Amino acid sequence: MSAYLIIFLAAAGTTFVATPVVRRMVVRMGAISEPNDRTVHAVPTPTMGGLAMYGGFLVSMGIALVLPFFAEVRRGSPIPLAAIVTCSLMVGLGVIDDRRGTSALAKFTAQVFIAGVLVLMGAALAFFWIPGLGVVVLDPDLGVPLTILWVVAVANAVNLVDGLDGLAAGMIAIAAAAFFVYVIRTENMFGDASAAAMLSAITVGICLGFLPWNFHPAKIFMGDSGSLLLGMLLSIATISGIGRNPFPPSAGDIAAITGAVLVPLLVLFIPLLDVVLAIARRTWRGQGIGHADKEHIHHRLMDIGHSHRRAVLLMYLWSGLISASALAVGLIDGRTTVGLVLLAALGLFLVTALPALDRWRTRTNGSADATEDPEAAAAGSEPSAEGQT
């Protein structure tokens, strides 16, 4: 475990120290995110903070490549080299988007290409555990498209959730930490050393190193260069920990049946849910799925009255609850215990979510009543200074 602590501290420390340096650099470059109708920040803020996170990633990976603890991982897995190459490509794509902007189609095409590079470097989904059949080897005709789909889905999920100060960094830190715990408790491919756990520890490190500069009010945004890096790291970690492990789950009962499938989905549940809702919402309205809006989950939390920080902290809480539930499903052997943990998590979720839902209903009903009143409707047609940013 000391090796994981070393690379975690290296990632966090490097990112923390590099972020103000990157901030000064991008200010000179003019990489500033200006307030507009699609954002919630009110003042121009430097972006491309992902470059500092990328520096933390490279330093921690360099240390991991020389630590004796990870010798078997370096010799027996294509993951470390594949992670360096594909994460570098993702950061490059993010820098281009942060500086010049890219179309949704161009960004999607580039993400598919980078996922294809990951496959060509030998890091595609290879195994899957099916109850009753054991571990099965995935045919490339199935493993390759599933790998590409997963990489693109996770990268865009992280990109979409990066809408409030500190939101993406905190949520991905929670998800990566939960997956780290799951992997070190279940994976036995290389004994105590694990590529999935290594990447998860690095991901947590660069998120926590960046968060002090990014929490509201943010001094710098991670930009697409950061969100795409986190998405790539987390997708590779989950592919390595679940889809490239030839050993069946060590736990039995509920954990063995559901853990391998549910854990990666649950730790990323909120970002993936936001993607699904965005696609459904835009398709229903006849818009392109790349059309930007301010109707993501975090935007709605602010719409119903939560402050910027409270909305972020509430999303942290929900992400933590779901990740804890994932660990319960994946690690605890026993129906009764798992059920109690899930019920407790659901109860806490409802305690925090129902007041928000009640506010939303009150506002919705109030808006409907105002529309029915001609005078209220006429008054409502004038822009309100309160809601402007």
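Because the structure is a prediction, the values reported are computed rather than measured.

Looking at this model, I keep getting lost on the packing of aromatic side chains. Mind explaining?
Two measures describe an aromatic ring pair: the distance that separates the ring centres and the angle between the ring planes. Under the counting rule described, the total for this entry stands at seven aromatic pairs. Residues tyrosine 4 and phenylalanine 180 carry aromatic rings whose centres are separated by 5.2 Å and whose planes lie at 80° to one another, so their mutual orientation is edge-to-face. Here the residue tyrosine 4 occupies a position in helix H1 (residues 2-29), and phenylalanine 180 occupies one in helix H7 (residues 167-186), the gap between them amounting to 176 residues. Each member of the pair tyrosine 4 and phenylalanine 180 is classed as buried. The structure contains a cluster of three or more aromatic residues connected by ring pairs, namely Tyr4, Phe69, Phe70 and Phe180.

Can you help me understand the confidence of the model for the protein in this one?
Detailed conclusions should not be drawn from predicted coordinates in areas where pLDDT is low. Confidence along the protein averages 77 in pLDDT terms, with 64% of residues attaining 70 or more. Element-level pLDDT for the protein is lowest in helix H15 (residues 374-380), with a mean of 41, against a maximum mean of 96 in helix H2 (residues 50-64). Predicted confidence for residues 251-260 stays below pLDDT 50, and this span has 27 contacts to residues more than four positions away or in other chains. The model gives residues 367-389 a pLDDT under 50, and that stretch makes six contacts with residues more than four places away or in other chains.

Explain the packing of helix H4 (residues 79-99) against helix H5 (residues 104-120) here, please?
Contact geometry of H4 with H5 gives a least axis separation of 9 Å together with a crossing angle of 170°. Considering the angle they form, H4 stands roughly antiparallel to H5. Residue-level contacts link Ala82, Val85, Thr86, Leu89, Met90, Leu93 and Asp97 of H4 to Lys107, Ala110, Gln111, Ile114, Val117 and Leu118 of H5.

In this structure, what is going on with H4? I would like to understand it.
Given 3.6 residues per turn, any residue in an α-helix points the same way as the ones three and four places further on. When the terminal C-alpha atoms of H4 are compared, their 30 Å separation across 21 residues agrees well with the 30 Å that a helix rising 1.5 Å per residue should span. Among the residues of H4, Ile79, Pro80, Ala82, Ala83, Thr86, Cys87, Met90, Val91, Leu93, Gly94, Asp97 and Asp98 are the ones counted as buried. Across the axial projection of H4, the buried residues extend over an arc of 160°, all falling on one side. Note on H4: the residue one or two positions beyond its end, glycine 101, has a positive phi of about 85°.

What exactly am I supposed to notice about the side chain of threonine 238 here?
Inspection of the secondary structure assignment puts threonine 238 in helix H9 (residues 223-243). Among the polar contacts made by the side chain of threonine 238, one reaches the main-chain carbonyl oxygen of leucine 234 at a distance of 2.9 Å.

What should I look at first to understand the pattern of salt bridges in this one?
Any two side chains of opposite charge can pair, on the condition that their charged atoms come close. Considering all chains together, one arrives at three salt bridges under this definition. For aspartate 97, the salt bridge identified is with lysine 107, shortest N-O distance 3.0 Å. Placement of aspartate 97 in helix H4 and of lysine 107 in helix H5 is noted, with a sequence separation of 10 residues between them. Across this residue pair, the class does not change: aspartate 97 and lysine 107 are buried. Lysine 107 is paired through a salt bridge with aspartate 224; the nearest N and O atoms lie 2.7 Å apart. Here lysine 107 is found in helix H5, whereas its partner aspartate 224 is found in helix H9, with 117 residues between them in sequence. Aspartate 224 shares its class with lysine 107; the two are buried. Several salt bridges converge on common partners, so that one network encompasses Asp97, Lys107 and Asp224.

So, how was this worked out
Residues numbered from 1 in each chain as written. Predicted model: local features only at pLDDT ≥ 70, side-chain atom pairs only at ≥ 80, totals over all residues. Heavy atoms only, no water. Phe/Tyr/Trp six-rings, centres within 6.5 Å; stacked < 30°, edge-to-face > 60°. Helix = DSSP H or I, 4+ residues; strand = E, 2+ residues; numbered from the N terminus. Buried < 20%, exposed > 50% of the residue type's maximum accessible area, 1.4 Å probe, protein only. pLDDT = per-residue confidence, 0-100. Contact = heavy atoms within 4.5 Å. Axes fitted to C-alpha atoms, helices over the stretch in contact; angles between N-to-C directions. Parallel < 35°, antiparallel > 145°, perpendicular 65-115°, else oblique. Expected span 1.5 Å × (residues − 1). Arc of directions from axis to C-beta. Polar contact = N/O pair within 3.5 Å; in protein donor to acceptor, adjacent residues only side chain to side chain. Salt bridge = Lys/Arg side-chain N within 4 Å of Asp/Glu carboxyl O.

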